[in-house]
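Coordinates in review
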Amino acid sequence: MQMNSAPHLLAEDRPEYERILGDALRHAHERPDLATVGERLNPEQLRTMALNATALITAAAATEYEHYVKARAELRGPAADSAQGSGLGSDADDPDRPGAGIGAVVTVLAPMLAGTAALIFLLVGYILKILSPPPSFADTMVTAGWFFAAVTAAAILAAAVGLLITAVRNGSTSLPAEDIEDELPEEVARAREAWRHALLERGILPFLRDALADPTAGAASRTPHPSANRIPKIGYSSPDFSGPDEGPAAGPRPSFTSPDFTSPDFGGPEHTPE
């Protein structure tokens, strides 16, 4: 990335941009230059406009953002190298390491297998004891069934304890976002704060002021243009129908008169009434 070009906002930093924008709109009433929020443009309309102009707004803080991204990349570089050197990479890179899911598989399968065995032994044992005379090994199968039932209960208890320990361990190692930010090195924290300040003061606030000062922004965002409902002109005019005098010479037009209907008493001289 070059210093004079605006770097593209990374996906991991877009939530931070939206959070800064939301804070600016939420506290807009505290700024005299944003006191007109809600008259022509409400906060939701301004938010939509600012999200659509993300590239334009973030370009105002391009230098600070580039410095912040570089500092963050330098911080992550040694951490990634140390993780690879200590064997904390993916399990696929180490063919000698056993599968990490063996314990989980055993924890899940042990209660199922022991429970199935307990059900079979108890069912068969009690059925054999109904026979007369019962076989000698019927009591042995019943005893084995109760043994596997105890194993099932112990496996379920062990699985529950293991899940509880895992949940407590993950909860103790996970830190809130604020704690993670506090543990950032001083250089990265300063670069992050400088980018936030520049993004707010040179990018978001000037954009909101310009949007509120533009008299056409409110009408464009609330109602369509007056000409939007009009039927567009296609470019073809209606055919010009003119009379025969304006067109080419035509032959004489025939004339039609209505027929003369008369009663028999008022006929012509050639007709004599009977």
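Everything discussed here concerns the structure shown above.
Summary of the structure given here. (Residues numbered from 1 in each chain as written. Predicted model: local features only at pLDDT ≥ 70, side-chain atom pairs only at ≥ 80, totals over all residues. Heavy atoms only, no water.)

Re the overall build of the protein chain
A tally of regular secondary structure across the protein chain gives 9 helices and 0 strands. Start at the N end of the protein chain and walk to the C end: the helices and strands fall as α-α-α-α-α-α-α-α-α. Here the protein chain, with 274 residues, has 22% of them falling under the buried criterion. Within the protein chain, contacts between residues at least 6 apart in sequence are counted, and of these 75% link residues at least 24 apart. Accessible surface computed for the protein chain: about 20,200 Å², of which carbon and sulfur atoms make up 62%. (Helix = DSSP H or I, 4+ residues; strand = E, 2+ residues; numbered from the N terminus. Buried < 20%, exposed > 50% of the residue type's maximum accessible area, 1.4 Å probe, protein only. Contact = heavy atoms within 4.5 Å. Areas by Shrake-Rupley, 256 points an atom, 1.4 Å probe, with all protein chains shown as cover.)

Quick notes on the side chain of Glu-64
Looking at where Glu-64 falls in the secondary structure, it is placed in helix H4 (residues 62–85). Side chain to side chain, Glu-64 and Arg-202 meet in a polar contact 2.9 Å long. Discounting residues that sit within four places of it in the chain, Glu-64 has contacts with Ala-191, Ala-194, Trp-195, Ala-198 and Arg-202. (Polar contact = N/O pair within 3.5 Å; in protein donor to acceptor, adjacent residues only side chain to side chain.)

Describing the packing of aromatic side chains
In total, this model carries 4 aromatic pairs according to the counting rule given. Look at Tyr-65 and Trp-195: their rings are 5.1 Å apart centre to centre, the planes differ by 45 degrees, and that puts the pair in the tilted class. Here Trp-195 lies in helix H8 (residues 186–213) and Tyr-65 lies in helix H4, a separation of 130 residues in the sequence. When its relative accessible area of 4% is taken as the criterion, Tyr-65 is described as buried. A centroid spacing of 5.6 Å and a plane angle of 70 degrees characterise the contact between Phe-147 and Phe-148, whose relative ring orientation is edge-to-face. (Phe/Tyr/Trp six-rings, centres within 6.5 Å; stacked < 30°, edge-to-face > 60°.)

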